[in-house]
Amino acid sequence: MEAIAAPDYSADAINTLTSKKNLRLLRVIAEPPALVVKSISGGFLVQTADTHRLSRSEMEVKTKRAPSDAEWTALEFGWKVAKHVKSNAIVYASAGQTISVGAGQMSRVDSVKVGAMKAVLPLKGSIVASDAFFPFPDGLEEAARHGVTAAIQPGGSVKDDEVIAAADRLGLAMVFTGVRHFRH
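Residues numbered from 1 in each chain as written. Predicted model: local features only at pLDDT ≥ 70, side-chain atom pairs only at ≥ 80, totals over all residues. Heavy atoms only, no water.

Asks: Mind showing me how you'd approach a nonpolar patch on the surface here?
Replies: On the surface, Leu35, Val37, Phe44 and Val46 cluster together into a nonpolar patch covering about 420 Å² of accessible area. Where the nonpolar patch is concerned, the elements lending two or more residues are β3 (35-40) and β4 (43-48). Summarising the element assignment, Val37 is placed in strand β3. On the accessibility criterion, Val37 (52% relative accessible area) is exposed. (Patch = residues over 30% accessible without salt bridge, like charges linked within 9 Å, V, L, I, M, F, W, Y side chains within 5 Å. Areas by Shrake-Rupley, 256 points an atom, 1.4 Å probe, with all protein chains shown as cover. Salt bridge = Lys/Arg side-chain N within 4 Å of Asp/Glu carboxyl O. Helix = DSSP H or I, 4+ residues; strand = E, 2+ residues; numbered from the N terminus. Buried < 20%, exposed > 50% of the residue type's maximum accessible area, 1.4 Å probe, protein only.)

Right, here's the structure in full:
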């Protein structure tokens with residue numbers, strides 16, 4: 001038996017496909033799952049699906065310098081990409097272009113370093129998007145060493161004030177989303 005699953009079928013498609021022997025047509029409406037379940041040793045990890053769509057009005061500029069229009073565009077794009085990267089995601093991006101990704105490391109600063117190491121295009125002038133907060137200034141400082149000009153992150157670390165102060169000292173624009181991606 002064969003099956004075809006699609007959101008809908010034209011009348012012509014139904015006429016053609018139903019004439020085939022042992023073929024089943026299914027209508028499926030694609031919706032993001034409410035829960036994402038992963039098997040782990042001895043059990044399961046259950047997390048809610050990340051379906052949040054962030055708008056610029058929800059973001060909060062935390063630094064003395066606000067992002068330029070080009071940086072805003074790059075930050076929004078980098079944030080969308082970071083949503084689809086595994087935990088400790090770091091995305092270097094420009095407007096409409098992912099430059100490099102670092103992820104899956106035990107520390108955020110290591111993800112920043114891996115992303116910089118894997119970059120083929122220059123990082124100077126790019127932005128950095130982090131799926132979860134920078135727990136210490138070191139990750140942001142490392143990204144700045146590679147030429148990033150702005151950062152986007154959820155915020156929420158007990159050391160947010162230190163990270164913001166580092167961004168100001170480095171001349172970076174930084175925005176907080178208030179939303180964490182952090183996929184396992």
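Asks: When you look at unusual backbone geometry in this model, what are you seeing that I'm missing?
Replies: Excluding glycine, residues mostly carry a negative phi; peptide bonds, for their part, are mostly trans. With a phi close to 60°, Asn22 is a non-glycine residue in the positive phi region. Among the secondary structure elements, Asn22 is positioned in the loop between α1 (11-18) and β2 (23-27). When its relative accessible area of 43% is taken as the criterion, Asn22 is described as partly exposed. Even without being a glycine, Asn88 presents a positive backbone phi close to 60°. Position of Asn88 relative to the elements: it lies in the loop between α2 (69-82) and β6 (90-94).

Asks: Honestly, the environment of Thr51 in this entry has me stumped. Any pointers?
Replies: For Thr51, the position within the fold is in the loop between β4 and β5 (60-61). The exposure class of Thr51 is partly exposed, given its relative accessible area of 45%. Apart from residues no more than four positions distant in its own chain, Thr51 is found in contact with Pro32 and Lys83. (Contact = heavy atoms within 4.5 Å.)

Asks: What should I look at first to understand the sheet that holds strand β7 (residues 97-102) in this one?
Replies: Taken in spatial order, the six strands make up an open sheet running β5-β10-β9-β8-β6-β7, and their pairing is mixed. For this open sheet the edge positions go to β5 and β7, each flanked by a neighbour on one side alone. Pairing between strand β8 (residues 127-130) and strand β9 (residues 150-153): three bridges, direction parallel. Note on β9: the bridge partner recorded for Ile127 is Ala150. Along the sheet, helix α5 (residues 160-170) makes contact with β9 and β10 (173-176), crossing β10 at roughly 150°. (Pairing = 2+ DSSP bridges. Axes fitted to C-alpha atoms, helices over the stretch in contact; angles between N-to-C directions.)

Shape is all these values report; function is a separate question.
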